[in-house]
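Chain and residue survey
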Amino acid sequence: MYGKAFAPEYQGALTTLSVNSSLTDVLDAGTEQLRAAERAGKPGEVARSGLAVAEAQRRLGRVADADRAWKASYRAAREAEDVGAMAWALWSGGTLARQRGALPLARRLLQLAADLGERGGDIVVRGYSLAGLAETGRIQGDYEAVGRLHEQLLAEARRRGEARHTVWALEGIAQMHRNTGDYDTAYALFEESAEIAERADDRRGHAWALRGLADVVSVRDGDTERALELLSEAETTCRAMRLSSALAYNHKMRGNVLYRSGRYAEARALYEQALAEFREMSEPRGEALSRLGLAKSLARLGRDRGETAAELADLAGTLERIGLQHARRMVARAHEELGIPDTGLALAGTTEATR
């Protein structure tokens, strides 16, 4: 049995916040508590309220504010000699680095967070940090290495009845199966994660699971309308909770679904929307994936072949710089699908990632 989902990143005076609290509410409450802790000269509480501020800013797509917030939280935790709070701050910084496409930095910060969590006896931050390392590797496409870690973390989460982490692990494993073409297994895992998230009232996890289900329903079954219905349901949650990044990925997936069904003009509009959203929040991976979808849509709508080839080559270089090991495959498939020769400039492509 799984208990109700909770948000361990909301700490100190903010433990009353729910995993489903609007990010603007979290930011307001966190900022208020942060200022009160600063006035009272309590660095430990400054660190823990600052963590909530950092996470709210990150999830709202405010990269610069999030970067300042997690670093301030870490400094306060160090002043308070609170090893656990230091680990949480590093976890936030590592998660932000992954969101920004700085994958080597993400790995360093998350490994430091895991080490500090173990040293401080905080099994939750250690688990979250290891999960972050696993997700970073999955985004890069290193499935063999991180698949075992995903399974390990899933087993630990199931054993402790932690719904939120169980949902995360299931979705990560499902995404790897989806990317390697095992659609039936992917669907079953996304379905299980959606059911657990719904029972545990984890609205964020449920929205991501619906996105995964929509992807499989579209690519495996060709059921465009059902996929769009699932994405619409997920979008309602994303908007209610102000999940900026999740909403942008939802829009990009809607573009994917429309593209697969041959509705290229509609797909183009969705990719353009997602691209603008990713650029606003400085999320290069989502931006690159949206650019790829947009390039393919424009090609289908009659764009000059030379312009498309140049766009694909530029995308390949961008994706290689981000550090995605299997990035070439998507670009190569785009060349093949569109009948545009690959000149060898496309040295990279990408895989779809859920987070």
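One numbering rule holds for all chains: residues counted from 1, following each sequence as written. pLDDT decides what is reported in this predicted model: residues at 70 or higher carry local features, side-chain atom pairs at 80 or more are listed and counted, and totals for whole chains, interfaces and linings draw on all residues regardless. The side-chain quantities take in all heavy atoms of the structure and omit both hydrogens and water.

Glancing now at the environment of F190. Runs of E in the DSSP output that reach at least two residues are strands. Runs of H or I that reach at least four are helices, and both are numbered from the N terminus. Following the sequence through the fold, F190 ends up in helix 9 (residues 183–199). Note on F190: relative accessible area 1%, which makes it buried. For the pair F190 and L289, spaced 99 residues apart in sequence, the C-alpha separation works out to 22 Å. Exposure categories follow from relative accessible area, calculated using a 1.4 Å probe and restricted to protein chains: below 20% of the type maximum is buried, above 50% is exposed, and the middle band is partly exposed.

To get an axis, fit a line to the C-alpha atoms, keeping to the stretch in contact for a helix; angles then go from 0 to 180 degrees between the N-to-C directions. Close contact between helix 2 (residues 43–59) and helix 4 (residues 83–99) brings their axes to 10 Å; oriented N to C, the two are set at 10 degrees. As the angle between them shows, helix 2 and helix 4 are arranged roughly parallel. In contact with A47, R48, L51, A54, E55, R58 and R59 of helix 2, helix 4 contributes G84, A85, W88, A89, W91, S92, T95, L96 and Q99. Of the residues assigned to the contact of helix 2 with helix 4, the class counts are eight nonpolar, four polar and four charged. Roughly parallel means an angle under 35 degrees; roughly antiparallel means over 145; roughly perpendicular covers 65 to 115; every other angle is labelled oblique. Any two residues having at least one pair of non-hydrogen atoms within 4.5 Å are treated as being in contact. Each residue is assigned to one class: nonpolar for Ala, Val, Leu, Ile, Met, Phe, Trp, Tyr, Cys and Pro, charged for Asp, Glu, Lys and Arg, and polar for all the others, Gly among them.

An ideal rise of 1.5 Å per residue puts 24 Å on 17 residues; helix 2 measures up with 24 Å between its terminal C-alpha atoms. In terms of residue burial, helix 2 counts as a mostly covered element, since 15 of its 17 residues are buried. A positive phi of about 85 degrees marks G61, the residue just after helix 2. By this rule, a helix spans an expected 1.5 Å times one less than how many residues it contains.

As a further point, take the confidence of the model for the chain. Confidence scores here are pLDDT values: one per residue, from the predictor, ranging 0 to 100. Of the residues in the chain, 95% reach a pLDDT of 70 or more, and the chain-wide mean stands at 91. Below pLDDT 50 for its whole length, residues 345–355 participates in 61 contacts with residues either more than four positions away or in separate chains.

What follows concerns the nonpolar core. If you look at the biggest cluster of nonpolar residues, it comprises 114 residues, and the most contacted ones within it are Y10, W70, L90, W91 and L153. Not counting the four nearest positions on each side in its chain, W91 is found in contact with E9, L51, E55, R59, L110, A113, V125, Y128 and S129. The term nonpolar core refers to a set of buried residues drawn from Ala, Val, Leu, Ile, Met, Phe, Trp, Tyr and Cys, joined through side-chain atoms within 4.5 Å.

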